[in-house]
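As a plain string of letters, each chain reads:
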Amino acid sequence: MNAVKKYSFISAEVEFLPQTYARIEDADTAQKMSRLLEHLEDNDDVQNVWHNWENEDDFSEDEE
């Protein structure tokens, strides 16, 4: 029996997934990277921001 499933999509977007990830071990470099990403996301001319920073969450708690 072939059961036919009907799907309806709410949205579809292109998303880039990195093939390799990068770790930032230095807290100063992580802070600079966080600032860069924040400025890019806040810029009205920038539509999307993708990065391959693997351990971003390790440093986000320190900044708050």
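Residues numbered from 1 in each chain as written. Predicted model: local features only at pLDDT ≥ 70, side-chain atom pairs only at ≥ 80, totals over all residues. Heavy atoms only, no water.

Here the focus is a nonpolar patch on the surface. Taken together, the side chains of Val-14, Phe-16 and Trp-50 present a nonpolar region at the surface, about 340 Å² in accessible area. Within the fold, Trp-50 resides in the loop between helix H1 (27–42) and helix H2 (56–63). (Patch = residues over 30% accessible without salt bridge, like charges linked within 9 Å, V, L, I, M, F, W, Y side chains within 5 Å. Areas by Shrake-Rupley, 256 points an atom, 1.4 Å probe, with all protein chains shown as cover. Salt bridge = Lys/Arg side-chain N within 4 Å of Asp/Glu carboxyl O. Helix = DSSP H or I, 4+ residues; strand = E, 2+ residues; numbered from the N terminus.)

Further remarks concern the nonpolar core. Within the largest apolar cluster, five residues are counted, these being Ile-24, Ala-30, Leu-37, Trp-53 and Phe-59. Contact partners of Ile-24, with chain neighbours within four places excluded, come to Thr-29, Ala-30, Met-33, Trp-53, Asn-55 and Phe-59. (Core = buried A, V, L, I, M, F, W, Y, C linked by side-chain atoms within 4.5 Å. Buried < 20%, exposed > 50% of the residue type's maximum accessible area, 1.4 Å probe, protein only. Contact = heavy atoms within 4.5 Å.)

This part covers a negative patch on the surface. A cluster of acidic residues, Glu-38, Glu-41, Asp-42, Asp-44 and Asp-45, forms a negative patch at the surface. Tracing the sequence through the fold places Glu-38 in helix H1. Under the relative-accessibility criterion, Glu-38 is labelled partly exposed at 47%. (Lys, Arg positive; Asp, Glu negative; His and termini not counted. Charge placed at Lys NZ, Arg CZ, Asp CG, Glu CD.)

This next bit is on the pattern of salt bridges. As a working rule, side chains carrying opposite charge can pair if their charged atoms are close by. Scanning the entire structure with this criterion turns up four salt bridges. Taking the shortest distance from any N to any O, the salt bridge between Arg-23 and Glu-25 comes out at 3.1 Å. Here Arg-23 ties to Asp-58 by a salt bridge, and the two come within 3.8 Å at their closest N and O atoms. Here Arg-23 is found in the segment before H1, whereas its partner Asp-58 is found in helix H2, with 35 residues between them in sequence. One network of salt bridges, in which partners are shared, links Arg-23, Glu-25, Glu-54 and Asp-58.

Its place among the elements puts Asn-55 in the loop between H1 and H2. At 2.9 Å, the side chain of Asn-55 and the backbone oxygen of Ile-24 are in polar contact. A polar contact is formed between the side chain of Asn-55 and the side chain of Trp-53, at a distance of 2.9 Å. Not counting residues up to four positions away in its chain, the partners in contact with Asn-55 are Ala-22, Arg-23, Ile-24 and Glu-25. (Polar contact = N/O pair within 3.5 Å; in protein donor to acceptor, adjacent residues only side chain to side chain.)

Here we come to the packing of aromatic side chains. This structure, assessed with the given rule, holds one aromatic pair. With a centroid separation of 4.6 Å and an interplanar angle of 90°, the aromatic rings of Phe-16 and Trp-50 are classed as edge-to-face. Of this pair, Phe-16 sits in the segment before H1 while Trp-50 is found in the loop between H1 and H2, placing the two residues 34 residues apart along the sequence. The exposure class of Phe-16 is exposed, given its relative accessible area of 51%. When its relative accessible area of 38% is taken as the criterion, Trp-50 is described as partly exposed. (Phe/Tyr/Trp six-rings, centres within 6.5 Å; stacked < 30°, edge-to-face > 60°.)

Such coordinate-based values are descriptive only and should not be taken to indicate function.
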